[in-house]
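Overview (structure and organization)
Below, each chain spelled out in residue letters.
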Amino acid sequence: MPTAHATVLGEVGPRIVRGDLVEGAVITPDWIGETYGVSRTVAREVVQVLVSMGPVESRRRTGIRILPRAQWDDYDPAIIRWRLDGVHRLRHLHELAELRAAIEPASAALAATHADAEQRAEIVRIAEQMEVSGAAGDLQTFLEQDIEFHRLLLRASGNVMFSGLGDVVEGVLRGRTEHDLMPKQPKRGGPPAPPVVAEAVAGGEADVARYAMTAIVAEVVSDLGHPR
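Residues numbered from 1 in each chain as written. Predicted model: local features only at pLDDT ≥ 70, side-chain atom pairs only at ≥ 80, totals over all residues. Heavy atoms only, no water.

Moving on, we get to the sheet that holds strand β3 (residues 63-66). Across the sheet, which stays open at both edges, the three strands sit in the order β1-β3-β2 with antiparallel pairing between neighbours. Unpaired on one side and paired on the other, β1 (26-27) and β2 (56-59) mark the two borders of the sheet. As defined by bridge partners, β1 adjoins β3 across two bridges and the pair is classed as antiparallel. Residue pairing for β3: I27 is matched across the bridge by I64. Across the sheet, helix α3 (residues 40-53) is in contact with β2 and β3; its angle to β2 comes to roughly 125°. (Pairing = 2+ DSSP bridges. Helix = DSSP H or I, 4+ residues; strand = E, 2+ residues; numbered from the N terminus. Contact = heavy atoms within 4.5 Å. Axes fitted to C-alpha atoms, helices over the stretch in contact; angles between N-to-C directions.)

Right, dumping it as structure tokens:
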């Protein structure tokens, strides 16, 4: 069961992202407490988390002010989730997919060079499992495997900056599934599937891994169409 802190954060955060609480608006812990029926301690915890994400700043005497969009942490998992729950979700999914298209082919190529034996075997194992769950139309199982697959590739790249994008990649993968933007079955004659990437990584074929991953993420961008 979500804590009071998590519940209130899940209400206030989306209101800021949607623009219900506009830039420059000032709120207080008392307002949060009265609006959501929580203690001042819980309200302060919510404010502290929001400050860490960037949407607000808290100053003594002036209260809690909503900051300009440019100052938010767009890589924060909660902000990604709130944006995907909003009316402009397709635009944000497109942004996330374009980021993947820029990063993941390079990550796959690096993984083919730097992954250790255990990581190579695990990448192949997960890809094979994805083939089974995808063919069965088990989207929830496929989603969890897909997240694990891409996170592992990012880690196996050996680049901590790439590995740090795991939450971003998970955001777009979950967003596509939760908002019914995933095909129910794998496309026939489509781009190379995860096993092609996995085998290339396992075999140390960096160029093949890069090409195969490029095709996969390019299809994601294409399937989303033009952002609204």
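Right, let's talk about the packing of helix α5 (residues 89-114) against helix α7 (residues 139-156) for a bit. Look at α5 against α7: their axes get within 7 Å of each other, and the N-to-C directions meet at 65°. For α5 against α7, the interelement crossing comes out left-handed. Residues R100, I103, E104, S107, L110, A111 and H114 of α5 touch α7, and the partners they reach there are H150, L153, L154 and A156. Here the residues of the contact of α5 with α7 sort into six nonpolar, three polar and two charged. (Left-handed = near helix turned anticlockwise from the far one by under 90°. Nonpolar A, V, L, I, M, F, W, Y, C, P; charged D, E, K, R; others polar.)

For β2 and β3, the ladder comprises four bridges, and the chain directions are antiparallel. Considered in β3, the bridge of V56 is made with I66. Where β2 folds back on β3, the antiparallel hairpin that results is connected by three residues, among which R61 adopts a positive phi of roughly 85°.

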